[in-house]
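# Commentary on secondary and tertiary structure
Each chain, letter by letter, is given below.
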Amino acid sequence: MTSWIESAQRLAEEVLAPHASAVDSSGDIPREHFDQLAEAGFYGAAMGDDIDLAAFTEVGEILIAGCLATSFVWAQHHGVARRVATSPNHELRERFTEDLRTGRVRSGVSYAGAADQPALIARRTDGGYLLEGTAPFITGWGLVDIVGVMARDADDDGSLISVIVPAEESAALRVRPIPLTAADASRTVTATFDGVRVADAAVDNRVSMKSFHASYIIAAWRNGSLALGIVRRCLAELGRLGVDPAALADESAAIRKELDAALLGQSDVYLARARASELAMRAASALVTATGSAAITRGTLAERSLREAAFTLVFGSRPTIKSALLDRLAGPAVAH
């Protein structure tokens, strides 16, 4: 049976990478990309027991190296899929779990509006909640079927309400596209909720603020794959250009070990996440340098990789990640 890693390599080499430049320039991801990810079982990867931690992270990095925009949309699905599969709401589990596992239903996510300065509020009403406010980032609009949304409970500032909403505009739900310098084809939007009604049947759980912030460790660990996926792509291209990428490869492997160790509380996930993005910038800069003057042409692999590496500097960031990055990028020289 083909392994997860072998399947990811095939998809990256045969489907994602050959179209990544066109995806970047056109702003459109072929629906076939997501269909083939679903056919290969990748929408259910995070829900299965036949893929270990090392394989899961390598799969993510391989797919991201192939096409960041496609993989960025796909990656949003997993947190929601896991939440639904373990939800205490039996009706919701029965309705969505298998479809999320197979990719028949594809999900986006919006948690940022419920963070330290809540922009999205859930107000209790008969049989459910009303959502009011703004979700600053939802990725995959027009490409996903549902969105997992967290909103601050209006009656309990220490709790969040986690719900599932259809990814459809309405009089009560308006979206505004956000033009991105990288992965723009991911169709990321800001959504305004003006009394969107969510029935209790679509509420997957109530989450304490304490557990929500603790989950950032997992999010930072997962987001490290975006940066290391860009590194992986750059290393492969540097090798083709005759540049020895061994030192960068060793550093990438060390960062991956730090990220994984953080899940056991044995390293600082935020520092490791910062190091991953810094390494992506250095690897992409090395690729630009090795490519030469052609790299300043819009849409080349080196130019796109540099923009995508910069994207990882700010995506999914936290104050501790930002501070660690600024210490390394703007502080005294750091030995590597």
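## Points about the nonpolar core
- If you look at the biggest cluster of nonpolar residues, it comprises 96 residues, and the most contacted ones within it are Leu131 and Phe193.
- Of the residues forming this core, the biggest block, eleven residues, is contributed by helix α7 (residues 216-240).
- In this structure leucine 131 touches Leu120, Ile121, Ala122, Val149, Ala151, Val163, Val165, Phe193, Asp194, Gly195, Val196 and Val198, once residues within four positions along its chain are discounted.
- Counting residues in hydrophobic clusters, the runner-up holds eleven residues, among them Ala81, Leu100, Val105 and Ile164.

## Focus: the packing of aromatic side chains
- Tallied over the full model, the rule gives eight aromatic pairs.
- With 5.3 Å between their ring centres and 85° between their planes, phenylalanine 72 and phenylalanine 311 make a pair best called edge-to-face. Linking phenylalanine 72 in helix α4 (residues 68-85) with phenylalanine 311 in helix α10 (residues 301-314), this pair joins segments that are 239 residues apart in sequence.
- Aromatic rings pair up to connect Trp4, Phe42 and Trp74 into one cluster.

## A closer look at the state of the cysteines
- For the structure on display, the rule yields zero disulfides.
- Here cysteine 67 stays free of any disulfide, with the sulfur of cysteine 234 as its closest cysteine sulfur at 14 Å.

## Describing the environment of glutamate 169
- Relative to the helices and strands, glutamate 169 is located in the loop between β5 (159-166) and β6 (173-177).
- Each C-alpha atom of the pair glutamate 169 and glycine 142 lies 9.8 Å from the other, and the pair is 27 residues apart in sequence.
- Every residue in contact with glutamate 169, bar those within four places of it in the chain, is listed here: Trp141, Arg174 and Val175.
- There is a polar contact of 3.3 Å between the side chain of glutamate 169 and the backbone nitrogen of valine 175.

## A word on the pairing of β5
- With respect to burial, β5 is a largely interior element, seven of its eight residues being buried.
- Linking strand β4 (residues 146-153) back to β5 in an antiparallel pair, the connection comprises five residues.
- With five bridges connecting them, β5 and strand β8 (residues 203-208) associate as antiparallel partners. From the neighbouring strand, isoleucine 161 faces β8, where its bridge partner is arginine 206.

## Re the packing of helix α1 (residues 4-26) against helix α2 (residues 31-39)
- In contact at an axis separation of 11 Å, α1 and α2 are set at 160° when each is read in the N-to-C sense. Judged by the inter-axis angle, α1 sits roughly antiparallel to α2. Like other packed secondary-structure pairs, α1 and α2 cross with a definite hand, here left-handed. Contacts between α1 and α2 involve Arg10, Leu11, Val15, Leu16, His19 and Val23 from the former and His33, Gln36 and Leu37 from the latter.
- Counted by class, the contact of α1 with α2 contains five nonpolar, three polar and one charged residues.

## Focus on unusual backbone geometry
- The residue alanine 183 is not glycine, and still its phi comes out positive at about 55°.
- Within the secondary structure layout, alanine 183 lies in the loop between β6 and β7 (189-199).
- We classify alanine 183 as buried; its relative accessible area is 3%.
- Residue arginine 187 is not a glycine yet carries a positive backbone phi of 55°.
- Following the sequence through the fold, arginine 187 ends up in the loop between β6 and β7.
- Take arginine 187: its relative accessible area is 32%, and that puts it in the partly exposed class.

## So, the environment of leucine 313
- The residue leucine 313 is located in helix α10 in this model.
- As for leucine 313 and glutamate 14, which are separated by 299 residues in sequence, their C-alpha atoms are 28 Å apart.
- The residues touching leucine 313, leaving out its near neighbours within four places in the chain, are Ser277, Met281, Leu325 and Leu329.

## Some remarks on a nonpolar patch on the surface
- A cluster of nonpolar residues, Leu53, Ile217, Ile218, Leu263 and Leu264, forms a patch on the protein surface that exposes about 410 Å² of accessible area.
- Locating isoleucine 217 in the fold gives a position in helix α7.
- On the accessibility criterion, isoleucine 217 (34% relative accessible area) is partly exposed.

## Some thoughts on the pattern of salt bridges
- Overall, the coordinates contain 24 salt bridges when judged by the stated rule.
- Note that aspartate 157 is salt-bridged to arginine 152, the shortest N-O span being 2.8 Å.
- A relative accessible area of 53% means that aspartate 157 is categorised as exposed.
- Glutamate 303 is paired through a salt bridge with arginine 307; the nearest N and O atoms lie 2.6 Å apart. Taken together, the residues span about one helical turn, with glutamate 303 and arginine 307 both in helix α10 at a distance of four residues.
- When its relative accessible area of 13% is taken as the criterion, arginine 307 is described as buried.
- One connected set of salt bridges, linked through shared partners, spans Glu58, Glu61, Arg232, Arg256 and Asp260.

Definitions and limits used
- Residues numbered from 1 in each chain as written.
- Predicted model: local features only at pLDDT ≥ 70, side-chain atom pairs only at ≥ 80, totals over all residues.
- Heavy atoms only, no water.
- Core = buried A, V, L, I, M, F, W, Y, C linked by side-chain atoms within 4.5 Å.
- Buried < 20%, exposed > 50% of the residue type's maximum accessible area, 1.4 Å probe, protein only.
- Helix = DSSP H or I, 4+ residues; strand = E, 2+ residues; numbered from the N terminus.
- Contact = heavy atoms within 4.5 Å.
- Phe/Tyr/Trp six-rings, centres within 6.5 Å; stacked < 30°, edge-to-face > 60°.
- Disulfide = S-S within 2.5 Å.
- Polar contact = N/O pair within 3.5 Å; in protein donor to acceptor, adjacent residues only side chain to side chain.
- Pairing = 2+ DSSP bridges.
- Axes fitted to C-alpha atoms, helices over the stretch in contact; angles between N-to-C directions.
- Parallel < 35°, antiparallel > 145°, perpendicular 65-115°, else oblique.
- Left-handed = near helix turned anticlockwise from the far one by under 90°.
- Nonpolar A, V, L, I, M, F, W, Y, C, P; charged D, E, K, R; others polar.
- Patch = residues over 30% accessible without salt bridge, like charges linked within 9 Å, V, L, I, M, F, W, Y side chains within 5 Å.
- Areas by Shrake-Rupley, 256 points an atom, 1.4 Å probe, with all protein chains shown as cover.
- Salt bridge = Lys/Arg side-chain N within 4 Å of Asp/Glu carboxyl O.

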